[in-house]
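# Descriptive analysis of the structure
Listed here are the chains, written in short residue letters.
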Amino acid sequence: MIEVGQLIGNYKVVRKIGAGGMGEVYEAVHQQISTRAAIKVLLPNHSQNAEMLNRFFNEARAVNIVGHPGLVRIFECGRLPDGAAYIVMEYLEGETLRARLRRAGGRLDGSSLLIARQIANALTATHAKKIIHRDLKPDNFILVPDSEMPTGERIKILDFGIAKLAAEAAGEGADSNLVDDGGVVRTRTGLILGTPAYMAPEQCRGLGQVDE
């Protein structure tokens, strides 16, 4: 779908980073200022699905509303000539929390407290903007080098694709095609969005709306 050397906006594609059932991710470089970026591209057939398209762009909206250093930065978003939707975000070189836990044999040392504090700080900022992530799991956190942090690294939260924004609570906005079945996020077709093993207890039990 995307070729090395192809231009997406002002970014030239360097290589494919990964792929999944929904889309692909590429490394790219800005042609004028040489900024590295990661470009997430939603497959064309999914880009024609209004529900999936809204959920895809939901990530850009949620992150930019919050504007916290603990969230991956979004530079721009749009559609390619073939209709495929894309998001351009900062390129992160680091280690997911899942990989860190696996490498540490399932246990972290005292750094776990600092990691938890950073996560809590970023989530406090998102909750202040009435945004609930709803898919928090080790795969959606990445530890990246940051000389300004006492530990020399910062943890960032990824993938706000199924976040709940304030406007949606009133039945408006990007996920108006989604319904809350007792707090479990489902599409109109009944597909559950999220990772069951990491859902909040009230979300799993269907006791009501999931909040901060």
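Given the structure is predicted, the values throughout are model-derived calculations rather than measurements. Here, residues in each chain are numbered from 1, in the same order as that chain's written sequence. Under the rules for a predicted model, residues below a pLDDT of 70 receive no local features and side-chain atom pairs below 80 are neither given nor counted, while totals for whole chains, interfaces and linings still include all residues. Computation of side-chain values covers all heavy atoms of the structure but excludes hydrogens and water.

## Some thoughts on the sheet that holds strand E1 (residues 7-8)
To summarise the sheet geometry, strands pair through backbone hydrogen bonds and adopt either a parallel or an antiparallel arrangement. What counts is decided by this rule: In this description, strands pair whenever DSSP reports at least two bridges between them. Labels follow the DSSP assignment, with helices taken as runs of H or I lasting at least four residues and strands as runs of E lasting at least two, numbered in each case from the N terminus.
Across the sheet, six strands lie side by side as E1-E2-E3-E4-E6-E5; this open sheet has antiparallel pairing. This sheet does not close on itself; its edge strands, each paired only once, are E1 and strand E5 (74-79). With five bridges joining them, strand E4 (residues 36-42) and strand E6 (residues 85-90) adopt antiparallel strand pairing. Looking at the pairing, isoleucine 39 lines up with valine 88 of E6.

## Quick notes on the pattern of salt bridges
Inclusion rule: Between Lys or Arg on one side and Asp or Glu on the other, a salt bridge is scored when a side-chain nitrogen of the former is within 4 Å of a carboxyl oxygen of the latter. Burial classification: accessible surface area is computed with a 1.4 Å probe over protein chains only, and a residue below 20% of its type maximum counts as buried, one above 50% as exposed, and the rest as partly exposed.
For the structure shown, the criterion picks out 14 salt bridges. The shortest N-O distance in the salt bridge between glutamate 27 and arginine 36 comes to 3.0 Å. Using a relative accessible area of 35% as the deciding quantity, one classes arginine 36 as partly exposed. Two residues, glutamate 93 and arginine 36, come together in a salt bridge whose shortest N-O distance is 3.4 Å. Taken together, the residues glutamate 93 in the loop between E6 and strand E7 (95-96) and arginine 36 in strand E4 connect sequence positions 57 residues apart. Counted as one network, the salt bridges with shared partners bring together Arg15, Glu27, Arg36 and Glu93.

## Focus: the sheet that holds E7
The line we're drawing: Note on definitions: a residue-residue contact is assigned when non-hydrogen atoms from the two residues lie within 4.5 Å. The axes are straight lines fitted to the C-alpha atoms, using for helices just the contacting stretch, and the angles between their N-to-C directions are given from 0 to 180°.
An order of E7-E8-E9 is seen for the three strands of this open sheet, with the pairing classed as antiparallel. Every other strand in the sheet has two partners, leaving E7 and strand E9 (153-157) as the edge strands with one partner each. The strands that helix H4 (residues 111-128) touches are strand E8 (141-145) and E9; relative to E9, the one it contacts most, it runs at about 45°.

## Focus on unusual backbone geometry
Phi angles above zero are rare outside glycine, and serine 34 is one such case at about 65°. Position of serine 34 relative to the elements: it lies in the loop between strand E3 (23-30) and E4. Judged by its relative accessible area of 52%, serine 34 falls in the exposed class. Here the phi dihedral of lysine 130 falls at roughly 60°; this positive angle occurs in a residue that is not glycine. Here lysine 130 lies in the loop between H4 and E8.

## Side note on the pairing of strand E2 (residues 11-19)
In this sheet, E2 lies alongside E1 in antiparallel orientation, the contact comprising two bridges. Note on E2: the bridge partner recorded for isoleucine 8 is tyrosine 11. Connecting the antiparallel pair E1 and E2 is a turn made up of two residues, with glycine 9 showing a positive phi of about 65°. In terms of strand pairing, E2 meets E3 through seven bridges, oriented antiparallel. Across the sheet, the residue bridging to tyrosine 11 is histidine 30, located in E3. Between the antiparallel neighbours E2 and E3 lie three residues.

Remember that the coordinates give geometry; whether it matters functionally is a separate question.
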